[in-house]
Amino acid sequence: MTTKLIIDTDPGIDDAFAIALAALSDDVELLGVTTVFGNVSLANTTDNALRLLALCGRSDVPVAAGADRPLVHPVPHRAGVIHGSDGLSGRSATLPDPGREADPQGAISLLVSLLDSADEPVTIAPIGPLTNIALLLAAHPRVRDKIARIVIMGGAVAGGNTSAAAEFNVWSDPEAARRVLVEEDVPCVLVPMDLTHRCAVDTGWLARLAASGPIGAALDSLTPAYRATYRKTLGREGIVLHDAVAVAEAINPGILRTEPFPIDVECSLGPSRGSTVVDRRPADAAADAEEPVSQGKVDVAVDTDYARLREFVLARLARG
């Protein structure tokens, strides 16, 4: 089975691994890549996406730039400390010159065009803030029927990374995340950081990647800033491939174990802004509660075979 896939992204080091995972997979028809603000500026995320596709020999994949800011409130900071000033540990210029510009029609128009022309439903993997996807669904509701599912890297069940409550992607535009996860009637899978952290890879895995060929070596060379961050977070050498975990599920449905939960997104301006509220109470207790969490359910990734997942990602990346 071939998966028709569109990635919406803010590269970002873990995004780089995710893009390469899709671009190098024979069973993926990568229809397009759209970019959004997030880890760094939109100009940087778009340039990084173009360069990463050039690295993978996939200059056939169209790239279009999308939202450069959230729907409502500005974000106070980006993630340059974690990903480097350019999003790729300051090493984006070491990647191939893409030799092309982004598609001038922009992300939303490209998404509509790709979905309209697809002969079967398409999987969308948003691995940055959800601004582009919220805009797409609000402005072009007819495309819902052309979406097989939306596999989202974002959110946290038991505490965040950007704040005590919120994960970075959802925190960057909570209003957009709420529109997609709560208000829209489109099948969604949420891959939260609670799970992606448990999928961390160690230096042995990275060494195998670096030794696999020029693409693996190039990806490994982008990780210095990321390694420094996770040396503190994990307490050991290694990195967390958040976005690649979500793209693995987009490519291979069921590689992550999911459970349906009612969910909401906190959009207040208080300390819990951007938190994903996942109602894990038994169904009877939630139904009897005075304040149920929300009216909808989202498939939340809760577990996986970690060794299998790491080998799946490495085997695909090593093809380059």
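None of these values were measured; they are calculated from a predicted model.

**Q** Please clarify how the layout of surface pockets should be interpreted in this entry.
**A** It is the rolling of a water-molecule-sized probe over the atoms that shows where space remains empty. Of the volumes computed, that of the second largest pocket is approximately 160 Å³. Taken together, Met1, Thr2, Thr3, Lys4, Glu120, Pro121, Thr123, Ala148, Ala250, Ile251 and Pro253 make up the full set of residues lining the second largest pocket. The set of elements that each furnish at least two residues to the lining of the second largest pocket consists of strand E1 (3–9) and helix H12 (242–251). Grouping the amino acids of the lining of the second largest pocket by side-chain chemistry returns six nonpolar, three polar and two charged.

**Q** So what exactly am I meant to see when it comes to the pairing of strand E11 (residues 297–304) here?
**A** Regular strands place their side chains on alternate faces of the sheet. By the bridge criterion, two bridges tie strand E6 (residues 188–191) to E11 in an arrangement that is parallel. Counted as the bridge partner of Leu190 is Val300 from E11. Across seven bridges, the pairing between strand E9 (residues 256–265) and E11 is antiparallel. Looking at the pairing, Arg257 lines up with Asp303 of E11.

**Q** Hey, could you run me through the nonpolar core in this one?
**A** Counting residues in hydrophobic clusters, the biggest one holds 65 residues, and the most contacted among them are Phe17, Leu30, Trp205 and Leu219. Per-element accounting of this core gives the leading share, nine residues, to helix H1 (residues 13–23). What Leu219 contacts, discounting residues up to four positions off in sequence, is Ala16, Phe17, Ala20, Leu52, Leu55, Leu209 and Leu317. Formed by 37 residues, the second largest nonpolar core is a distinct cluster that contains Ile147, Ile152, Val186 and Ile263.

**Q** Looking at this structure, I do not really get the sheet that holds strand E10 (residues 276–278). What am I missing?
**A** Across a sheet, paired strands are connected by hydrogen bonds in the backbone, their directions being either parallel or antiparallel. Read across the open sheet, the nine strands follow the order E3-E2-E1-E4-E5-E6-E11-E9-E10; overall the sheet is mixed. Sheet topology places strand E3 (63–65) and E10 at the edges, where each strand pairs with a single neighbour. Averaged over all adjacent pairs, the angle separating strand axes in this sheet is 30°, with direction ignored. As paired strands, E9 and E10 are joined by three bridges and run antiparallel to one another. Bridge pairing in E10 links Asp264 to Val277. Most of the contacts of H12 go to strand E5 (residues 147–153), to which it runs at about 160°, and overall it touches E1, strand E2 (28–35), strand E4 (122–126), E5, E6 and E9.

Scoring rules and cut-offs
Residues numbered from 1 in each chain as written. Predicted model: local features only at pLDDT ≥ 70, side-chain atom pairs only at ≥ 80, totals over all residues. Heavy atoms only, no water. 1 Å grid on protein atoms, 1.4 Å probe; cavity = no way out; pocket = protein on both sides within 12 Å on 5 of 7 lines; lining within 4 Å. Points joined across faces, edges and corners; volume = space filled by probe spheres on them. Helix = DSSP H or I, 4+ residues; strand = E, 2+ residues; numbered from the N terminus. Nonpolar A, V, L, I, M, F, W, Y, C, P; charged D, E, K, R; others polar. Pairing = 2+ DSSP bridges. Core = buried A, V, L, I, M, F, W, Y, C linked by side-chain atoms within 4.5 Å. Buried < 20%, exposed > 50% of the residue type's maximum accessible area, 1.4 Å probe, protein only. Contact = heavy atoms within 4.5 Å. Axes fitted to C-alpha atoms, helices over the stretch in contact; angles between N-to-C directions.

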